[in-house]
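Observations on chain architecture
So the chains spell out like this:
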Amino acid sequence: MKINPEYLVEKNPIFEYLFMPLYFKAIETQQINPLIKDPKAIEIVDSLDYNFDYIEKRNKAAQFHVTVRTKVFDQQVTNQF
């Protein structure tokens, strides 16, 4: 069953903008040699009945930025424990 995000948050550009990191993580995870692996991001994106076209039109630099930031955060958290 698909989850409609409009039920989760009111239709608002700021809330929609928050879907970008999630979507970019899912896209990166599906690459041949991904910098990060986030199968949960894929699962969530696939479960949403949502049009991600506006995110797909973003440039690759934004996707790379999200990917690298996530990688750095993951490494810092891993090193703390």
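Note that the structure is a prediction, hence the values are computed from the model and not measured.

Looking now at helix α2 (residues 19–29). With eight of its 11 residues buried, α2 lies for the most part within the structure. Listing the buried residues of α2 in full gives Phe 19, Met 20, Leu 22, Tyr 23, Phe 24, Ala 26, Glu 28 and Thr 29.

On to the environment of Ala 41, then. Structurally, the position occupied by Ala 41 is in helix α3 (residues 39–47). The spacing of Ala 41 and Thr 29 is 12 residues in sequence and 8.3 Å in space, taken between C-alpha atoms. Ignoring anything within four residues of it in the chain, the contact list for Ala 41 reads Leu 22, Lys 25 and Ala 26.

Turning our attention to the confidence of the model for the protein. Summary statistics for the protein give a mean pLDDT of 82 and a share of 80% for residues scoring 70 or more. Across the protein, α3 holds the top mean pLDDT of 92, while helix α1 (residues 13–17) sits lowest at 71.

This brings us to the packing of α2 against helix α5 (residues 60–80). Here α2 crosses α5 at 85°, and the two axes come no closer than 9 Å. Taken together, the axis directions place α2 and α5 in an arrangement best described as roughly perpendicular. Contact residues: Pro 21, Phe 24, Lys 25, Ile 27 and Glu 28 in α2; Ala 62, Gln 63, Val 66, Thr 67, Arg 69 and Thr 70 in α5. Classifying every residue of the contact of α2 with α5 by side-chain character gives five nonpolar, three polar and three charged.

A separate point is the pattern of salt bridges. Per the counting criterion, the structure on display carries one salt bridge. The salt bridge partner of Glu 43 is Lys 40, with a shortest N-O separation of 3.3 Å. With Glu 43 and Lys 40 both in helix α3, this residue pair falls three residues apart, about one helical turn. Exposure remark for Glu 43: the relative accessible area of 46% places this residue in the partly exposed category. Assessed through its relative accessible area of 48%, Lys 40 is described here as partly exposed.

Turning our eyes to something else, we now look at the packing of aromatic side chains. Enumeration according to the criterion identifies three aromatic pairs in this entry. Taken together, a centroid distance of 4.9 Å and an interplanar angle of 15° make the contact between Tyr 23 and Phe 52 stacked. In this pair, Tyr 23 sits in helix α2 while Phe 52 sits in the loop between α3 and α4 (53–56), placing the two residues 29 residues apart along the sequence. Note on Phe 52: relative accessible area 7%, which makes it buried. Three or more aromatic residues joined by ring pairs form one cluster here, namely Phe 19, Tyr 23, Phe 24 and Phe 52.

Cut-offs used in this document
- Residues numbered from 1 in each chain as written.
- Predicted model: local features only at pLDDT ≥ 70, side-chain atom pairs only at ≥ 80, totals over all residues.
- Heavy atoms only, no water.
- Buried < 20%, exposed > 50% of the residue type's maximum accessible area, 1.4 Å probe, protein only.
- Helix = DSSP H or I, 4+ residues; strand = E, 2+ residues; numbered from the N terminus.
- Contact = heavy atoms within 4.5 Å.
- pLDDT = per-residue confidence, 0-100.
- Axes fitted to C-alpha atoms, helices over the stretch in contact; angles between N-to-C directions.
- Parallel < 35°, antiparallel > 145°, perpendicular 65-115°, else oblique.
- Nonpolar A, V, L, I, M, F, W, Y, C, P; charged D, E, K, R; others polar.
- Salt bridge = Lys/Arg side-chain N within 4 Å of Asp/Glu carboxyl O.
- Phe/Tyr/Trp six-rings, centres within 6.5 Å; stacked < 30°, edge-to-face > 60°.

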